[in-house]
Amino acid sequence: FACLAWSHSEMRLLYVSEKSQPKPRPPCPWDVPGAVWLAEEDSNEEEEQFLYREDWGEMLTTRSVPVLCTLDMERSSISVLEGIPEHLSPGQALWSPDDRGVVFVGWWHEPFRLGLSACSNRRSGIFHLDLASGNCELLSTEHRAAFSPRLSPDGHHLLYLEGALGGPHRQCLRLCMLSWQTRQIVTVLDVVQEPTEAFSGLYRETLPPRCWAADSRRVVLGTPQRSRTDLLLVDTETATVTNLTAGSPEGCWELLTLQWDLLVATCSAPHRPHSLDTPMVPGVTWKTLTVQPPCSGHSSAGLAAQPFEALLLSPSDSTVPHPLVVCPHGGPHAVFDARWRPGMAALCQLGFAVLLVNYRGSLGFGQASINSLISRVGEQDVADTQLAVEQVLHSEPLDPHRLALLAGSHGAFIALHLLTREPERYRACALRSPVSNLPALLGTSDIPDWRYTSLGLPYSFERVPCTEELAAMLLRSPIAQAAQVRTPVLLCVGARDRRVSPTQALELYRVLRARGVPVRLLWYPEGGHALTGVETEANVFRNCAHWFLQHL
């Protein structure tokens, strides 16, 4: 929702805030439980005190009813903007070209809110609110997910991202442009089904705050392109794309700002941190591997032939063969781009090689690849990860008898499946916020829709699963095969995780412990799904590294 925008006159500031809620009256010494003599307004406060208030889920638990506000610098006054429809939650606002209105993104929140974080498939639109009349106008196309508006320097065009509703929680997006004068919309860049050498599609959920060139024609943005994140120059008139960073030794570029046609960007690689003129970290080398999956009866010939990628980080010393830590990413619609990850580099300095697997369904490889995973979670993603492991063991100086798994969320779901299918293959496993019991997430996750969509089942807000659907979810769950696990497992969970309830790990912990499998559970009281924060991240890494050193 966040925004902070100066008006063109620089006399007003536009921002988003959480709507104030009535605070309960503090108890008085003479209050008697059940007393009936309270004033009417006090009665209402008592009724509201414990009323459940929805929020927007993981990472947005303090966001429920956002409102747009303006700060008038001359009068030192704050106003809450009126005229925004009740069924919308506003955010990402900016001033219209004449300062007489504001442009904002409105998310539908009826009949109830679904988690927004890492979900670009929620119904939303680009709106214009006229401050004088209070009229609110939808600018973008109906029944889409539209967000991240950016006004051109000359005020003639509004650029924004657009995606489809439902389906994969993240997807390949369109780049759309609206003429401010005529209100006509054109698609500058469409969804890419199959990637080409030149362009793989747009996958970032936000455009850079300053992305327009001075000519109000070209824009610069960063997005995953296979296992890299590159800067692209887009000509909005000719709809052509130029990759500005293709072939550079750094695998991840991000635009910080663009002004007077000068770019300020940050770049990194698995062996080079984000910084100005930073030397390479010693003891780490990396490469990108291409993996070709076999033909499948479930896929068309074109899709079956599409390869995926993996990043291999290796210690640069000569003490081979190295033990290997296998890491399938979470999401599942996410990507391991070739950026600096201090934990992975540290594992290399401890003597481990690390394999980051971008199985089919990852971002950056086209919408067809993303769609290929729908209805095949727990199957295609698991097979792809194992195929990448087999290939790297065949081609690199690695020790096939010292393999470990390190993963989080859906990546942990994949890792658990690998443990059940090859009980003797992996010597150790460390998991963060693991998904282990799909049907149990229906009532505990902020994205219950994904439980249906991931298995190819339709979703609606009033949806209640039938017996056959619950059985299908359980059969696809690692917990159903937990009796096969022999590998020592470390579990790390945040008590405040709204996406994957920590009870998923607790249930698994109890099952493994009852069966005599070495298992340890770390419970972080203030942790969320990603287990972020310096102290938490350091503690998680220390425990995972020690677990691997102990068991490998």
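Criteria and thresholds
- Residues numbered from 1 in each chain as written.
- Predicted model: local features only at pLDDT ≥ 70, side-chain atom pairs only at ≥ 80, totals over all residues.
- Heavy atoms only, no water.
- UniProt positions renumbered as here; feature names shortened; annotations may be inferred.
- Pairing = 2+ DSSP bridges.
- Helix = DSSP H or I, 4+ residues; strand = E, 2+ residues; numbered from the N terminus.
- Axes fitted to C-alpha atoms, helices over the stretch in contact; angles between N-to-C directions.
- Buried < 20%, exposed > 50% of the residue type's maximum accessible area, 1.4 Å probe, protein only.
- Contact = heavy atoms within 4.5 Å.
- Core = buried A, V, L, I, M, F, W, Y, C linked by side-chain atoms within 4.5 Å.

Going by the annotation in an unreviewed UniProt entry, the name recorded for the protein chain is Acylamino-acid-releasing enzyme, with Oreotrochilus melanogaster given as the source organism. Among the UniProt annotations of the protein chain, the heading Subunit (unreviewed entry) holds the following wording: "Homotetramer."

J.: Quick question: what am I supposed to make of the sheet that holds strand β1 (residues 4–6) here?
T.: Backbone-to-backbone hydrogen bonds pair the strands of a sheet. The strands run either parallel or antiparallel. The strand order across the open sheet built from four strands is β1-β2-β3-β4, with neighbouring strands paired in antiparallel fashion. Lying at the two open borders of the sheet, with one neighbouring strand each, are β1 and β4 (77–80). The sheet shows a mean angle of 25° between the axes of neighbouring strands, taken without regard to direction. Inspection of the sheet shows strand β2 (residues 12–18) paired to strand β3 (residues 66–72) by seven bridges, in the antiparallel sense. When the sheet's bridge partners are listed, Arg12 is paired in β3 with Asp72.

J.: Honestly, the UniProt feature "domain: Peptidase S9 prolyl oligopeptidase catalytic" (unreviewed entry) in the protein chain in this entry has me stumped. Any pointers?
T.: Here, the residues flagged by UniProt with the feature "domain: Peptidase S9 prolyl oligopeptidase catalytic" (unreviewed entry) are residues 345–552. For residues 345–552, the end-to-end C-alpha separation is 18 Å, with 40% helix and 16% strand making up the annotated structure.

J.: Looking at this model, I keep getting lost on the sheet that holds strand β22 (residues 398–408). Mind explaining?
T.: Pairing in this open sheet of eight strands is mixed, and the strands run β18-β19-β21-β20-β22-β23-β24-β25 from one edge to the other. Edge strands, defined here as strands with exactly one partner in the open sheet, are β18 (284–291) and β25 (519–524). Here the average twist between neighbouring strands, direction ignored, is 20°. By the bridge criterion, eight bridges tie β18 to strand β19 (residues 308–315) in an arrangement that is antiparallel. Paired with Thr290 across the two strands is Glu309, which belongs to β19.

J.: Mind showing me how you'd approach the environment of Thr245 here?
T.: Relative to the assigned elements, Thr245 resides in the loop between β15 (240–243) and β16 (252–259). Thr245 gets classed as buried once you look at its relative accessible area, which sits at 6%. Residues Thr245 and Arg226 lie 19 residues apart in sequence; the distance between their C-alpha atoms is 13 Å. Ignoring sequence-local partners within four residues, the contact set of Thr245 consists of Arg228, Asp230, Leu231 and Trp253.

J.: Which parts of the structure should I look at to understand the nonpolar core?
T.: As a rule of thumb, soluble globular proteins bury nonpolar side chains together. Among the nonpolar cores identified, the biggest contains 52 residues, and Leu324, Leu355, Leu431 and Val489 are the most heavily contacted of them. It is helix α6 (residues 410–421) that contributes the most residues to this core, seven residues altogether. By size, the runner-up hydrophobic cluster in this structure holds 42 residues, among which are Ala145, Leu161, Leu189 and Cys211.

J.: Before we go on, may I ask you to explain the pairing of strand β11 (residues 174–179) in this structure?
T.: Consecutive side chains of a regular strand alternate in pointing toward one face of the sheet and then the other. Among the six residues that make up β11, five are buried, leaving the element largely enclosed by the rest of the structure. The pairing of strand β10 (residues 157–163) with β11 spans six bridges and is antiparallel. The residue bridging Leu159 from the neighbouring strand is Met177, located in β11. When β11 meets strand β12 (residues 185–189), the two strands line up antiparallel, connected through four bridges. Within β12, the residue paired with Leu178 across the bridge is Ile185. Joining the antiparallel neighbours β11 and β12 is a turn of five residues, in which Arg183 adopts a positive phi near 65°.

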